[in-house]
Amino acid sequence: MNIIETENLSFVYGQGTPFEKTANDRLNIQIKEGEFVGIIGHTGSGKSTLVQMLNGLIRPTSGTIRLEGTDIWQSPKEIRKIRFKVGLVFQYPEYQLFEETVEKDIAYGPRNMGLSEGDIRERVISAARFSGLRSELLSKSPFDLSGGEKRRAAIAGVIAMDPDVLILDEPTAGLDPAGRDVLLAQISQYHKERKNTVLLVSHSMEDIAKTADRILVMNKGRAEMLEDTRTVFSRGEELERMGLRVPQITKIMSGLQKRGFDIPSGILTVEQAASVLAAYRGRSL
Amino acid sequence: MLKDVTLGQFLPGVSPIHRLDPRAKILFLIALIVFIFITSNYISLALVAAFIVALVFMTRIPVKMYLKSMKMILFIVLFTGIINLFYGRGEPLVKIGFLQITEAGINNAVFVSVRIAVLILASSMLTFTTSPTDLTDALERLLKPLTVFHIKVHEIAMMMTIALRFVPTLLEETDKIMSAQKARGADMESGNLIKRIKALIPVLIPLFVSAFRRAEELATAMECRCYQGGSGRTRMKRLHFGKADLYGLAACLLVLCGVIICNIFLPATVR
Ligand SMILES: Nc1ncnc2c1ncn2[C@@H]1O[C@H](COP(=O)(O)OP(=O)(O)OP(=O)(O)O)[C@@H](O)[C@H]1O
Ligand SMILES: [Mg+2]
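About the cut-offs
- Residues numbered from 1 in each chain as written.
- Chains lettered and ligands numbered in written order.
- Predicted model: local features only at pLDDT ≥ 70, side-chain atom pairs only at ≥ 80, totals over all residues.
- Heavy atoms only, no water.
- Domains from an automatic or database assignment.
- Helix = DSSP H or I, 4+ residues; strand = E, 2+ residues; numbered from the N terminus.
- Expected span 1.5 Å × (residues − 1).
- Buried < 20%, exposed > 50% of the residue type's maximum accessible area, 1.4 Å probe, protein only.
- Contact = heavy atoms within 4.5 Å.
- Phe/Tyr/Trp six-rings, centres within 6.5 Å; stacked < 30°, edge-to-face > 60°.
- Lys NZ or Arg CZ within 6 Å of the ring centre and 35° of its normal.
- Buried area = accessible area lost by both parts, 1.4 Å probe.
- Salt bridge = Lys/Arg side-chain N within 4 Å of Asp/Glu carboxyl O.
- Polar contact = N/O pair within 3.5 Å; in protein donor to acceptor, adjacent residues only side chain to side chain.
- Nonpolar A, V, L, I, M, F, W, Y, C, P; charged D, E, K, R; others polar.

(A) Spatial organisation of the domain arrangement of chain B. Partitioning chain B into domains gives domain 1 (2-130 + 240-265) and domain 2 (153-224). Measuring from the centre of the C-alpha atoms in domain 1 of chain B to the corresponding centre in domain 2 of chain B gives 33 Å.

What follows is the structure, given as structure tokens:
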């Protein structure tokens, strides 16, 4: 079943001014319940605009978004409820921290939902666990955390609302390589355990290849492709024309294949490549 | 969105008004404001208003933008207009309870409304067509004589430049933080006053934190480039008073003459 559907969804910034800019142009997208969708696209292709519309932060200039079959703007007064169902972690979310302690900050979302203190406490602890935040940090001030820890705290603040759809806008930007890997693994883990729908915006093809079931490719405000990961990354030339690329390892492996090595196509991760190459060696020995 | 605030916004362009010397533009603005306040009858009022409307069209900025900036002040215009309507002396034309409308009242209302409207129009024209840096640069030049009285004109101008420079940045940041908190279910649109003020805390704290961080970064960056105030500083962009500015001056003088002649030879409608 489709959890999110959009129909001719468009968004124009500064309509009617000299700065008018179409950021999203008639998008028709279907996202199935429980899938992990990667969103890629060149800078300025409209990814952040799209995800902000999906959780009702900005209202489409035209077109509709349906969540579980109903138009989210059907009753604008109820839009807050949509935001609890579709959780959005912003680009650089650490700037949204404000409370005295990390625990209180993570509890801000659940408290807005009107949960009981007991439930809130439970959610804070499980959200902190999911986003890999050490429990001794919970009583600290968010302003005393390191950059990476702040990021985790901010992500926990959204996970704590237990949204049906979790959207993360470039959650790994600005983290060190080890931090990125751990955070990504945690997001995958979250997806597996909760069976929730996850949308991940990222500039790293490697990250997307590791985690996503399907990929949405944005280009100049349009949705160019929405296919499964392998299919998208087998269209390397098209991606390159849009200023994107395939993961390094996919490129290497398809290069080897072109030179006559008998290996399968559509290799997405280093681990896959390693096992394919090991099998190849086994065969040729 | 907050960014839809048009008052004080710069809209780049290539119109003759855009190209005027910013110092001249500031002086013309002051002159126009003086003119509109010395007008004493409908003919001279219409003359100044027509002149400004003509200038508005010369900027080649969509009239919609001007209307948008007027919209915010519309309430004040209407309010003062209506108050003035009831404050005229003389024979009442209409009587509503203890309120009375006289011919003088109507005249006052029209004059006050038109004057405020023209004021807004003229100042929007200045900010629409002049970049904030040009504007403060020009102010610095115009105020230069005050250094005689040990007023730190350069420093004041620099502070203004920085403040103006960061208005859009802070607005954008406020927008972003508000969105982020709304995504966590913040409710800023409903409830009573106390509740609404409380709802702003999650926005204000991050905003202050980032404003201080930015200020510190900017100070460091300026120090790294050996900024040490105005003395001995030269400029990359020099202002110069050109032919277009002379035409502007001539037009202003013409209007001034018109206003004076009207004021002298026609009966005054307002004091
Ligand atoms: N608040 C805004 N006002 C005006 N234009 C905007 C605004 N936000 C974004 N835009 C414009 O809309 C277009 C899409 O922006 P968006 O932020 O959605 O891109 P993005 O795909 O998220 O880019 P990035 O990868 O750099 O985050 C860009 O051209 C941008 O300049
Ligand atoms: Mg973005």
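Don't stop here, the text continues.
(B) Up close: helix H2 (residues 22-38) of chain B. Residues and elements named next belong to chain B. Along its 17 residues, H2 runs 24 Å from first to last C-alpha, staying within 8% of the 24 Å computed at 1.5 Å per residue. All of the buried residues in H2 are Pro22, Arg23, Ala24, Lys25, Ile26, Phe28, Leu29, Leu32, Phe35 and Ile36. In this structure, the buried residues of H2 make contact with helix H1 (16-19), helix H3 (42-58), helix H5 (103-129), helix H6 (132-143) and helix H9 (243-265).

(C) Geometry of the packing of aromatic side chains. One pass over the structure, following the stated rule, counts 7 aromatic pairs over all chains. Summarising the aromatic geometry, the rings of Tyr42(B) and Phe111(B) are spaced 5.3 Å apart at their centres and angled 45° between planes, so their arrangement reads as tilted. Taken together, the residues span a long stretch of sequence, with Tyr42(B) in helix H3 and Phe111(B) in helix H5 at a distance of 69 residues. A relative accessible area of 1% means that Phe111(B) is categorised as buried. Above the face of the Phe130(A) ring, Arg129(A) is positioned so that its terminal group lies 4.9 Å from the ring centre.

(D) Highlighting the domain arrangement of chain A. Residues and elements named next belong to chain A. The domain boundaries assigned to chain A delineate domain 1 (2-230) and domain 2 (247-285). Taken over C-alpha atoms, the centre of domain 1 sits 34 Å from the centre of domain 2. Summing the contributions of domain 1 and of domain 2, the shared interface buries around 510 Å²; its carbon and sulfur component is 64%. Three residues stand out in domain 1 for area buried against domain 2, namely Glu206, Ala209 and Arg230, and they jointly supply 72% of the buried area on that side. Between the two partners, domain 1 and domain 2, sit 0 salt bridges. Across the contact surface, domain 1 and domain 2 share 2 residue pairs in polar contact (both at pLDDT 80 or more). Every element with two or more residues in the side of domain 1 that touches domain 2 is listed here: helix H7 (205-211) and helix H8 (229-233). Counting residues per element, the side of domain 1 that touches domain 2 draws most heavily on H7, at 4 residues. Class assignment of the residues belonging to the side of domain 1 that touches domain 2 gives a composition of 2 nonpolar, 1 polar and 3 charged.

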